[in-house]
Protein chains: 2
Amino acid sequence: MAQRTGDLHPSSIRRMMGISKRLIMEGKTVYELNIGQPDIPCIPIFSEAISSKVREGHLNYSPYIGETYLRETFSRYLNRYFDRQGTSHLVTDTNNVLVTCGASHALAITFMALCDPGDEILCVEPFFEPYKGLLAVSGGILKPIPTSAESGFALPSSEEIEKLITSKTKGILYNSPNNPSGKIFTKEEVTKLSKIAIKHNIFIIADEVYREMVLGNQEAFSLLQVELEKGEMEKFKHRIIVIDSASKAFSVCGARVGFIVARPEVIEKLSLLAFHSVASISDLMQFGVSAAYDHVFTDRTYFESLRKTYRERLDSAIIAVKDFLSWAVVPKPNGAFYLMIQFADVEDASDFCLFILEKFNLGNETVAVTPA
Amino acid sequence: MAQRTGDLHPSSIRRMMGISKRLIMEGKTVYELNIGQPDIPCIPIFSEAISSKVREGHLNYSPYIGETYLRETFSRYLNRYFDRQGTSHLVTDTNNVLVTCGASHALAITFMALCDPGDEILCVEPFFEPYKGLLAVSGGILKPIPTSAESGFALPSSEEIEKLITSKTKGILYNSPNNPSGKIFTKEEVTKLSKIAIKHNIFIIADEVYREMVLGNQEAFSLLQVELEKGEMEKFKHRIIVIDSASKAFSVCGARVGFIVARPEVIEKLSLLAFHSVASISDLMQFGVSAAYDHVFTDRTYFESLRKTYRERLDSAIIAVKDFLSWAVVPKPNGAFYLMIQFADVEDASDFCLFILEKFNLGNETVAVTPA
């Protein structure tokens, strides 16, 4: 088998999922907090749209770049999202959008497009564990940009980041709001990474799947909102790749619909990789997701109520952790929907998570959590 | 950008689709015969299952190997299909099955698993054009096993095929029933390819997505039906990869659900590539497809009526072609749902197809066809 198969392992998130399913089958009650799978029902208009469309009885191949109406709807949603904030932003047009089989597929084809074997992508820590494997498939290597919990995961200086750049570096990747830390990258931080990318003529890839999952008053700052002087802006436009997904925003992880936003020339190349990996995305699912974005375009109450739900859950979780685990360090996340908990006395997070899942037993109950 | 992006081009099938959509928008009537997209409605039970499931309002991540119930249902369907024919066959079990995002994704991850850059896959001509690009993504190279229309696309001798094998060869790929020729590979031909694969310790990959699309009285002979003496059989089991899909069988091309059947160790490796390319397959679509396979397990009338429809269409098409294009050569296909037409006086098939689509105009009507 090919070399790349040696670099791939089940992610710890998915490994926990497997063990936890087995324990549940065996009769243990497991509260599954180990995967970003909302228990919240999907946005109702999605179900309605799917249900009426599927009755027509035709499920067709889609253009491999995605359905035009969805690309148009998603670009309108993005523009409206930024306009509402009153900030300047790059205007997204239909031809800036590629529809993918979720954000994972969006990342997989981005890495395929950028990396020959041995090429490198810098990635700000902490990061979503499967990034490594998604990159390994193309033969690329993930080089972490180190940060520390103590400093709130603040970025190192530009000089320190630039030291990591070699002739093999093809891009810088970051995820904001961040899975797992909940950090929202500030305007200054996103601008700093953007300037480094322009200077070294490499891509900057922003994973913004948690854009709508804001837990405080600070909205996420998008790569599309970076302001630069005119000359830099021209270069910048050609260097950006924004990853998005309908999964978390509308609680439709099982729809498998994601997006890439980039320049039309970049979209063109990426779309060929989309075709040569999955042929096309489900036309039925695109129809449902388009109805969802159309809905929130006029009516923000869905996201407002979603945010309220997650904020209440976060407050309860933090109170509970502080009450019962007073020695743990629990920084309050600004976005996404994860809680990172630090135990000074735990040596190996993976061993600890496995212990909690398999060995810990309180009236035949336990929780599944994931090492960060 | 990575080298592989230079090897990818829109397939001529998809290029024709784009031009044809544009002409339709401009008001021309185009009969689109250029893509394997049934106009037949999907199997009704699929719509019913989707419609009831989506109303529950939960769309979740699926295990990346696929939902257990679908893997089990699909393996039962396969076993029953062969049992009904009364032939010996390899018994497929749940752990022999991986669910993929259509057959294209199944092939993409197969090539990813087998090929390092420069590795080769032999492929029997004529073949589905996107095979080349699907292989190019992994860095692999497609080496055709030449056949000729005159001999009914009969396989060359084992010796001639073996001459094509080098230290870089990782597998032999064939598609039966064949797109585009409609050829059904005989028991002897499939056995011959299998013995070559065993002898050279390489994989044999059978694309069987048109299994149910049989246009005559000859059922398709599956790679899973090969009979060998015991020692060979043991080696053979470890070397087979069967590709299948729900798309054509149930007219659900937009569901994006396909399958790989192989040994559990091979499935394990391939499933990691599935995870690191799309994370998982839509749980909703898997539910619908499982209902479809469950249905045909007890009731074959769906496939019988589908075959009848395609046979009637084929007969009409052949009569029409012979009436109006008496100088064309039109071999009758045994399977799939394509008609290959040979014009002795056409020099370049692509140019001819483009001419018919864009320039030809009979009362503002034309047909879209694809170069074979």
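Source: prediction; values computed, not measured. (Residues numbered from 1 in each chain as written. Chains lettered and ligands numbered in written order. Predicted model: local features only at pLDDT ≥ 70, side-chain atom pairs only at ≥ 80, totals over all residues. Heavy atoms only, no water.)

Brief notes about empty space enclosed by the protein
Alright, step 1. Tallied over the full model, the rule gives four cavities of 30 Å³ or more.
Alright, step 2. Computed from the structure, the largest cavity encloses a volume of approximately 130 Å³.
Alright, step 3. Lining the largest cavity we find 16 residues, and of these Met112(A), Ser277(A), Met112(B), Val137(B) and Ser277(B) sit closest to its centre.
Alright, step 4. Of all the secondary structure elements, the ones that give two or more residues to the lining of the largest cavity are helix H4 (102–114) and helix H9 (264–278) of chain A together with helix H4 (102–114) and helix H9 (264–278) of chain B.
Alright, step 5. Each residue belonging to the lining of the largest cavity can be placed in one class, and the counts come to ten nonpolar, six polar and no charged.
Alright, step 6. In this structure, the second largest cavity encloses a volume near 80 Å³.
Alright, step 7. A per-class count over the lining of the second largest cavity returns eight nonpolar, three polar and two charged. (1 Å grid on protein atoms, 1.4 Å probe; cavity = no way out; pocket = protein on both sides within 12 Å on 5 of 7 lines; lining within 4 Å. Points joined across faces, edges and corners; volume = space filled by probe spheres on them. Helix = DSSP H or I, 4+ residues; strand = E, 2+ residues; numbered from the N terminus. Nonpolar A, V, L, I, M, F, W, Y, C, P; charged D, E, K, R; others polar.)

Quick word on the environment of Val321(A)
Residues and elements named next belong to chain A.
Alright, step 1. Structurally, the position occupied by Val321 is in helix H11 (residues 301–324).
Alright, step 2. Each C-alpha atom of the pair Val321 and Gly231 lies 50 Å from the other, and the pair is 90 residues apart in sequence.
Alright, step 3. Dropping the residues within four chain positions of it, Val321 is found in contact with Ser326, Val330, Leu339 and Ile341. (Contact = heavy atoms within 4.5 Å.)

Some points on the side chain of Ser181(A)
Alright, step 1. In this fold, Ser181(A) is placed in the loop between strand E5 (169–175) and helix H7 (187–200).
Alright, step 2. Only 3.1 Å separates the side chain of Ser181(A) from the backbone nitrogen of Lys183(A), close enough to count as a polar contact. (Polar contact = N/O pair within 3.5 Å; in protein donor to acceptor, adjacent residues only side chain to side chain.)

Some points on the packing of aromatic side chains
All names here are of chain B.
Alright, step 1. Tallied over the full model, the rule gives 42 aromatic pairs over all chains.
Alright, step 2. Measuring from centroid to centroid gives 5.8 Å for Phe128 and Tyr131, while their planes differ by 85 degrees, and the two rings are edge-to-face.
Alright, step 3. Residue classification places Phe128 among the partly exposed residues on the basis of a relative accessible area of 23%.
Alright, step 4. Centroid distance Tyr174 to Phe185: 4.9 Å. Interplanar angle 40 degrees. Geometry classified as tilted. In this pair, Tyr174 is assigned in strand E5 (residues 169–175) and Phe185 in the loop between E5 and helix H7 (187–200), connecting sequence segments eleven residues apart. (Phe/Tyr/Trp six-rings, centres within 6.5 Å; stacked < 30°, edge-to-face > 60°. Buried < 20%, exposed > 50% of the residue type's maximum accessible area, 1.4 Å probe, protein only.)

Comments concerning the relation of the copies chain B and chain A
Alright, step 1. Rotating chain B by 180 degrees and translating it 0.0 Å along the rotation axis places it on chain A, where the RMSD comes to 0.0 Å. Seen this way, the second copy is the image of the first under a two-fold rotation axis. Using C-alpha coordinates, one finds that chain B approaches the rotation axis most closely at Ser51(B), a distance of 2.3 Å.
Alright, step 2. Taken together, the interface assignments show that 100% of the residues at the interface of chain B recur at the interface of chain A, consistent with an identical surface on both copies. (Least-squares fit on C-alpha atoms with pLDDT ≥ 70 in both.)

What to know about the pattern of salt bridges
Oppositely charged side chains are able to pair whenever their charged atoms sit close together.
Alright, step 1. Taken as a whole, this structure holds 42 salt bridges over all chains when the rule is applied.
Alright, step 2. As a salt-bridge pair, Asp39(A) and Arg313(A) come within 2.9 Å of each other at their nearest N and O atoms. Here Asp39(A), found in the loop between strand E1 (29–32) and helix H2 (44–54), pairs with Arg313(A), found in helix H11; they are 274 residues apart in sequence, far enough to count as distant.
Alright, step 3. Salt-bridge contacts for Glu120(B) lead to Lys143(B); the nearest nitrogen and oxygen are separated by 3.3 Å. (Salt bridge = Lys/Arg side-chain N within 4 Å of Asp/Glu carboxyl O.)

Let's talk about the interface of chain B and chain A
Alright, step 1. Listed by partner, the interface residues are 74 residues for chain B and 74 residues for chain A.
Alright, step 2. Summed over both sides, the interface of chain B with chain A buries roughly 5900 Å², with 63% coming from carbon and sulfur.
Alright, step 3. It is Met1(B), Tyr61(B) and His276(B) in chain B that bury the most area against chain A; as a group they hold 14% of the surface buried on that side.
Alright, step 4. At the junction of chain B and chain A, the tally comes to zero salt bridges.
Alright, step 5. Elements with a contribution of two residues or more to the side of chain B that touches chain A: helix H1 (12–25), helix H2 (44–54), H4, helix H5 (131–136), H9 and helix H10 (283–298) of chain B. (Buried area = accessible area lost by both parts, 1.4 Å probe.)

Quick look at the domain arrangement of chain A
Residues and elements named next belong to chain A.
Alright, step 1. Domains assigned within chain A are domain 1 (3–42 + 301–368) and domain 2 (44–298).
Alright, step 2. Measuring from the centre of the C-alpha atoms in domain 1 to the corresponding centre in domain 2 gives 25 Å.
Alright, step 3. Taken together, the 27 residues of domain 1 in the interface contact 36 residues of domain 2.
Alright, step 4. Interface area for domain 1 against domain 2, summed over the two sides, is near 2800 Å², with a carbon-plus-sulfur share of 60%.
Alright, step 5. By the criterion of area lost to domain 2, the three top residues of domain 1 are Cys42, Phe303 and Arg307, representing 24% of everything that side buries.
Alright, step 6. There are two salt bridges connecting domain 1 and domain 2.
Alright, step 7. Between Glu212 and Arg307 there is a salt bridge, with the nearest N and O atoms lying 3.4 Å from each other.
Alright, step 8. Counting every contact that joins domain 1 to domain 2 gives twelve residue pairs in polar contact (both at pLDDT 80 or more).
Alright, step 9. Listed by contribution, the elements that provide at least two residues to the side of domain 1 that touches domain 2 are helix H1 (12–25) and H11.
Alright, step 10. Tallied by class, the residues present in the side of domain 1 that touches domain 2 amount to 16 nonpolar, seven polar and four charged. (Domains from an automatic or database assignment.)

A word on the side chain of Ser245(A)
Residues and elements named next belong to chain A.
Alright, step 1. Note on placement: Ser245 falls in strand E7 (residues 240–245).
Alright, step 2. Here Ser247 takes part through its backbone nitrogen, which lies 2.9 Å from a polar atom of the side chain of Ser245.
Alright, step 3. Apart from the residues lying within four places of it in its own chain, the contact partners of Ser245 are Ala103, Val209, Val257, Gly258, Phe259 and Tyr293.

A word on the packing of H7(A) against helix H8 (residues 230–237) of chain A
In a packed pair of helices, the relevant descriptors are the angle between the two axes and the axis-to-axis distance.
Residue and element names in this part refer to chain A.
Alright, step 1. Running from amino to carboxyl end, H7 crosses H8 at an angle of 80 degrees, the nearest separation of the two axes being 10 Å. Of the possible angle classes, the one that applies to H7 and H8 is roughly perpendicular. Facing H7, whose interface residues are Ser194, Lys195 and Ile198, H8 presents Glu232, Lys235 and Phe236.
Alright, step 2. Of the residues in the contact of H7 with H8, the class split is two nonpolar, one polar and three charged. (Axes fitted to C-alpha atoms, helices over the stretch in contact; angles between N-to-C directions. Parallel < 35°, antiparallel > 145°, perpendicular 65-115°, else oblique.)

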